[in-house]
Amino acid sequence: MVILALLFLYGCTQEGDTRVVDFTKTIPVARPGQGTASHPSLKVAVGAMVSPKETFVYYRQLLDYLGNKLGKEVELVQRKTYGEVNELIGKGQIDLAFICSGPYATGRGKYGFELIATPEILGSHFYHSYLIVNQESRIERLEDLKGRVFAFTDPDSHTGKLVPTFWLAEKQERPESFFGKVIYTYSHDNSILAVAKGLVDGAAVDGLIWEFYQQKNPTLTSSTRVIRKSEAYGIPPVVASHSFPPELKEPVRKFLFSMHEDPEGQKILRELMIDRFVAPQEEWYDSIRQLEQKVALTQQ
């Protein structure tokens, strides 16, 4: 439209000269992000992070690193909720994804997730849910949050929704009746910020992300207190969709498992506070399935 306008103006300034534009002469232009048939792009989603969203640039570098090793362009797919990412994986519209432990453990059969790798952080492939409150608050126990404003991260989050729901179920309580108000922040970063700023009275967050801030930039965490930690659960894994080509799965595993041995890969992992990627075991996620079943029984 801009070009047409310029051509029109140009014709109007040439003292009556006429310019004829032949629209039958066109040049095909590739769509943005359109890969070639011989080198199809790798579609990857980052639905759950083990580091704050401010480190997203390093996740982008991690994906580019993997794409370079595989000789493929990487198309990053982003969605607001874990559920949206899970649906895309189930439909085969995403090849690989970093997903939350909860959706993996409870949705493996429904969505066809296949374990590819798990991050190892601080020498462990397990993590915890932290119940946090404002540093200036007098709240010391979960019971003190009754009638208060509470932040969940995502409806499908393990550490940010399922664990605190289970804690309440143990007391024959439900979030909707126990808390005065519940909000969803859709990221652990936002939940930490909401507690630090006094926008909510409490929140359940991924302990890895809280610890990341505590070590790297404690501006936010210094305004919060951890009043309860959950038992250990398997860290959010990297999964493949059921439609991901089998011949690519092993190369992906190979490059992720050896990433910490490569200077370039090591630098990216260091920024994410990931030691390395390791081969996951299904039993690491069994306790999450058991937790889900217990919560479901109490809500019948």
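Described below are features of the structure shown in this document. Numbers given to residues run from 1 along each chain, matching the order in which its sequence is written. Only residues with pLDDT of at least 70 get local features here, since the model is predicted, and only at 80 or more are side-chain atom pairs given and counted; chain-wide, interface and lining totals rely on the full set of residues. Excluding hydrogens and water, the side-chain figures rest on all heavy atoms present in the structure.

Focus: the overall build of the chain
Item 1. Every helix listed is a DSSP run of H or I at least four residues long, and every strand listed is a run of E at least two residues long, numbered separately from the N terminus. Looking only at helices and strands, one finds eleven helices and 13 strands in the chain.
Item 2. Counting over 300 residues, the chain shows a buried share of 48%.
Item 3. Relative to all contacts within the chain whose residues are 6 or more apart in sequence, the contacts with residues 24 or more apart total 79%.
Item 4. Only the protein chains shown count as covering a residue, and every accessible area follows the Shrake-Rupley method with a 1.4 Å probe. A total accessible area of about 15,600 Å² is found for the chain, and carbon and sulfur atoms account for 51% of it. Burial here depends on accessible area, computed with a 1.4 Å probe over protein chains only, as a share of the maximum for the residue type. Under 20% is buried, over 50% is exposed, and the range in between is partly exposed. Contacts are assigned to residue pairs that have any heavy atoms within 4.5 Å of one another.

Structural notes on the nonpolar core
Item 1. Only buried residues count toward a nonpolar core, which is a set of Ala, Val, Leu, Ile, Met, Phe, Trp, Tyr and Cys residues joined through side-chain atoms within 4.5 Å. In terms of nonpolar packing, the biggest core is built from 70 residues, with Leu 62, Leu 96, Leu 145 and Phe 277 touching the most fellow members.
Item 2. For this core, the leading source of residues is helix 2 (residues 56–70), giving six residues.
Item 3. Excluding residues within four positions of it along the chain, Leu 96 makes contact with Leu 42, Lys 43, Val 44, Ala 45, Leu 66, Ile 116, Val 239, Ala 240, Phe 244 and Val 252.
Item 4. Of all hydrophobic cores here, the second largest spans 14 residues; its members include Val 195, Ala 203, Val 205 and Leu 220.

Focus: helix 10 (residues 263–271)
Item 1. For helix 10, the full list of buried residues reads Gly 265, Ile 268 and Leu 269. Viewed along the axis of helix 10, the buried residues span an arc of 95°, placing them on a single side of the element. Residues of helix 10 that are exposed and point over 90 degrees away from its buried face: Pro 263 and Lys 267.
Item 2. Contacts made by the buried residues of helix 10 are with helix 2 and strand 13 (276–278).
Item 3. Positive phi appears at Met 273, one or two residues downstream of helix 10, with a value of about 60°. Think of it as the arc spanned by the lines of direction from the helix axis to the C-beta atoms.

Some points on the packing of helix 3 (residues 82–90) against helix 4 (residues 101–111)
Item 1. Every axis in this analysis is a line fitted to C-alpha atoms, fitted for helices over the stretch in contact. Angles between the N-to-C directions lie between 0 and 180 degrees. Where helix 3 meets helix 4, the closest approach of the two axes is 10 Å, and the angle between their N-to-C directions is 30°. Comparing the axis directions of helix 3 and helix 4 gives the class roughly parallel. Pair helix 3 / helix 4 crosses with right-handed handedness. Counting all contacts with helix 3, which are made through Tyr 82, Asn 86, Glu 87, Ile 89 and Gly 90, the residues of helix 4 involved are Pro 103, Lys 110 and Tyr 111.
Item 2. Gly is placed with the polar residues, together with every amino acid not listed as nonpolar (Ala, Val, Leu, Ile, Met, Phe, Trp, Tyr, Cys and Pro) or charged (Asp, Glu, Lys and Arg). Tallied by class, residues from the contact of helix 3 with helix 4 come to four nonpolar, two polar and two charged. In this scheme, roughly parallel covers angles under 35 degrees and roughly antiparallel covers those over 145, while 65 to 115 is roughly perpendicular and the rest are oblique. In a left-handed crossing the near helix is turned counterclockwise from the far helix by less than a right angle, and in a right-handed crossing that turn is clockwise.

These results come straight from atomic positions and should not be treated as a statement about function.
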